[in-house]
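Examining the three-dimensional arrangement
Chain by chain, the residues:
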Amino acid sequence: MKFRLVNGTDTDFRAGIFLAKEAHSNTVFRDIVFSEEKARTIFESAINRPDRNGLIYATPNVDAPLQENGLYGFASVRAGEYFLGSGGLIATVQTLNVSDKISGTLLGGKVSIGLVKALRHWANARGCEHLLIHVTNGVDAARSDGFFRRLGFKTVGGNYVD
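Throughout what follows, the structure given in this document is the object of discussion. (Residues numbered from 1 in each chain as written. Predicted model: local features only at pLDDT ≥ 70, side-chain atom pairs only at ≥ 80, totals over all residues. Heavy atoms only, no water.)

**Considerations on the pairing of strand β2 (residues 53–59)**
Side-chain direction in a regular strand flips from residue to residue, so the side chains alternate between the two faces of the sheet. For β2, the tally of buried residues reaches seven of seven residues, placing the bulk of the element in the interior. Every second residue of β2 is oriented toward a common face, with N53, L55, Y57 and T59 on one face and G54, I56 and A58 on the other, all of them buried. Here four bridges tie strand β1 (residues 2–5) to β2, and the two strands are oriented antiparallel to one another. The residue of β2 that forms the bridge with R4 is Y57. As paired strands, β2 and strand β3 (residues 73–81) are joined by six bridges and run antiparallel to one another. Bridging across to β3, G54 finds its partner in V77. (Buried < 20%, exposed > 50% of the residue type's maximum accessible area, 1.4 Å probe, protein only. Helix = DSSP H or I, 4+ residues; strand = E, 2+ residues; numbered from the N terminus. Pairing = 2+ DSSP bridges.)

Listed below in structure tokens is the structure:
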């Protein structure tokens, strides 16, 4: 398996859309219509502003073109200033997803850990002082909490929905 930044091809976009739709259907927000247009904006921002926007793909370690359902996982991250501060950057992870076909398996765990390592690398390369991950899908938050704590993260708040 390999981890890489999105490359801007339609093949990469289609694979990302496939996994984003799958991930969206598993969230507490699945009643909200999925927007391919918004997904395209995230994709394009990672291509046009790689200094501030990252889209990291976990793919099979093969040279063949990426198939639509070929992603193992992906993560989207943005670098920006703290809303009440100036200077220093914070990397905020918008989403970290693993394909349903490998979620809960050893490979799925390796993908999750690899994506976190890639996110840390991306944030460090841009001089970010913090890496912030929101867990907002509404699915098994305790499992996500345990995973991120094992990787050295600590909680600084919580997510609430009405």
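**A short note on the pattern of salt bridges**
Evaluated as defined, the whole model comprises seven salt bridges. For K21, the salt bridge is made with E36, and the minimal N-O distance between the two is 3.8 Å. With K21 in helix α1 (residues 10–25) and E36 in helix α2 (residues 36–48), this pair connects stretches of sequence that are 15 residues apart. Given a relative accessible area of 30%, E36 falls into the partly exposed group. Salt bridges sharing partners connect three or more residues here, namely D10, R40 and E44. (Salt bridge = Lys/Arg side-chain N within 4 Å of Asp/Glu carboxyl O.)

**Quick notes on the nonpolar core**
Within the largest apolar cluster, 24 residues are counted, with the highest numbers of intra-cluster contacts made by A91, V111, L119, W122 and L131. If you list the elements that add at least two residues to this core, you get β2, β3, β4 (89–98), α3 (106–125), β5 (128–133) and α4 (141–150). Take this core: its biggest share by element is seven residues, from α3. Discounting residues that sit within four places of it in the chain, L131 has contacts with A91, V93, L119, R120, A123 and F153. (Core = buried A, V, L, I, M, F, W, Y, C linked by side-chain atoms within 4.5 Å. Contact = heavy atoms within 4.5 Å.)

**What about α1?**
For α1, spanning 16 residues, the distance from its first C-alpha to its last is 22 Å, which sits close to the expected 22 Å at 1.5 Å a residue. Those residues of α1 that fall on the buried side of the exposure criterion are D12, F13, A15, G16, I17, L19, A20, E22, A23 and H24. Looking at the buried residues of α1, the elements they touch are β1, α2, β2, β3 and β4. (Expected span 1.5 Å × (residues − 1).)

**Section: the environment of K101**
Following the sequence through the fold, K101 ends up in the loop between β4 and α3. Placed 40 residues apart in sequence, K101 and N61 show a C-alpha to C-alpha distance of 17 Å.

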